[in-house]
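Fold and geometry: a report
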Amino acid sequence: MKKQFLILSLLLTTDVHAQNDISTFDGTFVNIPSVKVGEDVYSNVSLELLEDLKFKVNGSDGAIKTSDPALAEFSGNELLIRTLKHQELIYSNLILKYEDELEFSFVSADVPLMTSSSSFENRKTDIWIDYVSVRDKGISEEISKDYESCICEYYGVVYADFDLDGDDDLLVSTVWWGKGNLSDYTLENYRSVPVEMYLNDGLGNFIYTEDLLVGAPPLASNTRKAITADFNGDIFPDIFLAETGFDGSPFPGATPTLIISNREGRYQAKEIDEQAHFMHGAASGDIDSDGDSDIVAVSFDGILLYENNGIGEFSKSKINYFGSPSGIFNLEVFDFNNDSHLDIITTGHYWERKTEIVFGPGFITGIEVENSDMTKEHVVNDIQFADLDADGIKEIIQSTTGGEGNWYGGAYIEIIYFDENLEQSGNQIVYQDPNRKGPIDRTFPKWIPWLKIADVNSDGKLDILEDDRHDGTTLINNGDRNFALSFE
């Protein structure tokens with residue numbers, strides 16, 4: 001194997017093309033910005049396509065001194081190219097087998113699931129999981145022991161193709177509730193707990209892994225919402241955690257966490273903000289229309305905008321329109337009026353502050369959304385947008401639960417309809433269970449934190465699901481605004 005390393009090192013001394021940010025193929029040449037060979041890293045390595053999917057080393061700019069991860073790696077027998085662009089197509093995990101002093105032969109490649117700049121779009125997935133059973137029992141018991149915590153409900157769930165093999169994997173961020181009955185839930189006892197990454201084996205199994213992490217799993221402080229987008233433009237999906245920290249007086253908050261990939265597709269946490277925030281919700285999208293994904297978050301300090309410079313570095317400001325964030329606890333970013341600019345939709349304690357759609361790009365005007373009488377005193381947990389009745393106009397679908405005086409009592413799903421002028425035209429309660437109280441044992445919440453919109457029965461109509469399959473609350477869309485309740 002030492003011979004192969006030496007031969008390839010000698011071949012990579014000829015100057016060739018200019019450096020790119022991702023490996024590319026133009027139909028004749030593969031250009032790889034950086035290749036690790038043994039302890040060395042070579043820049044701008046060029047391979048020429050021959051017949052029968054064979055490639056010949058064409059040269060490079062030579063060895064460089066860098067501590068940055070490489071985009072490809074030669075093991076002595078195989079060359080792994082992590083990501084490659086050909087015209088409008090993206091390939092991942094390309095493996096080329098070393099044949100002789102000059103040539104490699106193609107072995108395999110994956111087509112990754114692409115990550116949108118919109119965290120709302122990235123919520124969409126073909127998988128439907130039981131939040132309780134998907135976790136590795138041994139890992140959850142180990143965390144419970146090490147962090148003196150119950151194995152409790154959680155709200156931080158991200159679906160993304162972390163290993164770029166073409167299917168959605170999971171990142172889970174749990175909540176520390178102490179023993180679970182709140183007897184020891186104090187600021188002095190409070191703990192941050194590790195996130196958990198699970199890779200999809202393609203057969204419906206999710207396997208716990210730390211292999212894609214740099215060092216130990218990042219710690220999170222009461223993640224209320226987790227979102228994903230490609231924040232640094234390297235194809236790999238990244239994660240942002242909206243964390244509240246200790247959920248009680250004096251509400252000290254936490255520094256929000258960005259879990260970001262490097263060129264090797266490995267993940268490491270970094271703080272996006274030096275200031276602690278009681279952050280209850282977040283969403284991402286290209287707010288400033290510069291081609292990358294920005295983050296909007298709600299905290300006790302206001303509605304915050306983190307503008308991305310394209311490489312995963314952010315500058316923070318406040319969106320002045322909202323003034324005090326009182327009553328706002330969640331938000332989404334979505335182009336509600338179809339003008340190609342993203343809008344911000346805020347919600348939370350409806351009796352304090354109505355759900356509001358604030359129109360981009362200026363965020364200086366908005367419209368309020370009217371809940372039905374049944375849900376006017378509720379907490380709005382989640383909002384989704386979909387054309388359920390196939391009239392070409394998106395509806396708002398929201399999950400609500402009891403508010404002040406009946407905190408988190410019951411579970412409700414409401415559809416809010418609009419006409420072609422975006423005037424609200426009606427409300428429909430499609431699910432209500434006022435006795436679904438909880439959480440009782442904190443294994444999972446009895447209210448519905450997150451919704452999922454999918455054509456679960458493949459009849460061409462979008463159905464409404466509870467994102468957690470533990471109860472499997474399902475509303476089958478029969479058309480004509482008629483929904484049939486079932487439980488998976």
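Attention here is on the structure that accompanies the text. (Residues numbered from 1 in each chain as written. Predicted model: local features only at pLDDT ≥ 70, side-chain atom pairs only at ≥ 80, totals over all residues. Heavy atoms only, no water.)

**Notes on the overall build of the protein chain**
- For the protein chain, the helix and strand inventory stands at 3 helices and 35 strands.
- The C-alpha radius of gyration computed for the protein chain amounts to 24 Å, which stays within 12% of the reference 23 Å derived for 488 residues, consistent with globular compactness.
- Overall, the protein chain is about 75 × 55 × 45 Å in size when its C-alpha atoms are taken along their principal axes.
- For the protein chain, buried positions account for 56% of its 488 residues.
- Sequence-distant contacts, at least 24 apart, represent 51% of the contacts inside the protein chain between residues at least 6 apart.
- Element-wise, carbon and sulfur atoms account for 47% of the exposed surface of the protein chain, whose accessible area totals about 20,700 Å².
- Here the protein chain contributes 35 positive and 87 negative side-chain charges, whose respective centroids are spaced 5 Å apart. (Helix = DSSP H or I, 4+ residues; strand = E, 2+ residues; numbered from the N terminus. Rg over C-alpha atoms; globule rule 2.2 N^0.38 Å. Buried < 20%, exposed > 50% of the residue type's maximum accessible area, 1.4 Å probe, protein only. Contact = heavy atoms within 4.5 Å. Areas by Shrake-Rupley, 256 points an atom, 1.4 Å probe, with all protein chains shown as cover. Lys, Arg positive; Asp, Glu negative; His and termini not counted. Charge placed at Lys NZ, Arg CZ, Asp CG, Glu CD.)

**Some details on the sheet that holds strand S11 (residues 169–174)**
- Strand order in the open sheet formed by 4 strands is S10-S11-S13-S14, with antiparallel pairing between adjacent strands. Every other strand in the sheet has two partners, leaving strand S10 (154–160) and strand S14 (206–209) as the edge strands with one partner each. Adjacent strand axes in the sheet meet at a mean angle of 25 degrees, parallel and antiparallel pairs treated alike.
- One ladder, built from 4 bridges, connects strand S13 (residues 196–200) with S14; its direction is antiparallel. Residue Tyr198 lies in a different strand from S14, and its bridge partner there is Tyr208. (Pairing = 2+ DSSP bridges. Axes fitted to C-alpha atoms, helices over the stretch in contact; angles between N-to-C directions.)

**Observations concerning the pairing of strand S32 (residues 451–454)**
- A two-sided burial pattern is seen for S32, the buried positions comprising Leu451 and Ile453 on one face and Lys452 and Ala454 on the other.
- Both S32 and strand S33 (residues 463–466) contribute to a ladder of 4 bridges, which runs antiparallel. In the sheet register, Ile453 faces S33, and the bridge partner there is Ile464.

**What to know about empty space enclosed by the protein**
- One pass over the structure, following the stated rule, counts 3 cavities of 30 Å³ or more.
- Its volume calculated, the largest cavity comes out at about 70 Å³.
- Surrounding the largest cavity, Arg135, Ser140, Ile143, Ser144, Ser149, Cys150, Ile151, Cys152, Thr174, Val175 and Val193 form its lining.
- For the lining of the largest cavity, the leading source of residues is helix H3 (residues 137–146), giving 3 residues.
- Of the residues that constitute the lining of the largest cavity, the class distribution is 6 nonpolar, 4 polar and 1 charged. (1 Å grid on protein atoms, 1.4 Å probe; cavity = no way out; pocket = protein on both sides within 12 Å on 5 of 7 lines; lining within 4 Å. Points joined across faces, edges and corners; volume = space filled by probe spheres on them. Nonpolar A, V, L, I, M, F, W, Y, C, P; charged D, E, K, R; others polar.)

**Examining the sheet that holds strand S18 (residues 257–261)**
- Ordered in space as S16-S17-S18-S19, the 4 strands form an open sheet in which the pairing is antiparallel. Where the open sheet ends on each side, the last strands, each with one partner, are strand S16 (223–229) and strand S19 (267–271). Recorded for the sheet is a direction-independent mean angle of 20 degrees between the axes of neighbouring strands.

**Some points on a negative patch on the surface**
- There is a patch of like negative charges on the surface, built from Glu142, Asp146, Glu210 and Asp211.
- Considering the arrangement of structural elements, one finds Glu142 in helix H3.
- Exposure remark for Glu142: the relative accessible area of 46% places this residue in the partly exposed category. (Patch = residues over 30% accessible without salt bridge, like charges linked within 9 Å, V, L, I, M, F, W, Y side chains within 5 Å. Salt bridge = Lys/Arg side-chain N within 4 Å of Asp/Glu carboxyl O.)

**A closer look at the environment of Val41**
- Among the structural elements, Val41 can be located in strand S3 (residues 40–49).
- For Val41, a relative accessible area of 10% gives the class buried.
- Linking Val41 and Ile64, residues 23 residues apart in sequence, is a C-alpha distance of 5.9 Å.

**Focus on the side chain of Asp167**
- Following the sequence through the fold, Asp167 ends up in the loop between S10 and S11.
- Those residues in contact with Asp167, other than ones at most four positions away along the chain, are Leu113, Ala160, Asp161, Asn200 and Gly202.

**Here we look at the layout of surface pockets**
- What the largest pocket holds in volume is close to 630 Å³.
- Contributing to the lining of the largest pocket are 29 residues, with Asn232, Asp234, Ser261, Asn262 and Arg263 lying nearest its centre.
- Of all elements in the fold, only strand S7 (78–86), S18 and S19 reach the threshold of two or more residues within the lining of the largest pocket.
- Here the element with the most residues in the lining of the largest pocket is S19; it accounts for 3 residues.
- Grouping the constituent residues of the lining of the largest pocket by class yields 12 nonpolar, 9 polar and 8 charged.
- The computed volume of the second largest pocket comes to approximately 530 Å³.
- Around the second largest pocket, the lining comprises 25 residues; the ones closest to its centre are Trp177, Arg224, Asp247, His280 and Tyr408.
- Looking at the lining of the second largest pocket, the elements that each hand over two or more residues are strand S24 (328–334) and strand S28 (378–386).
- The element contributing the most residues to the lining of the second largest pocket is S28, with 3 residues.
- Here the lining of the second largest pocket is built from residues that sort into 14 nonpolar, 7 polar and 4 charged.

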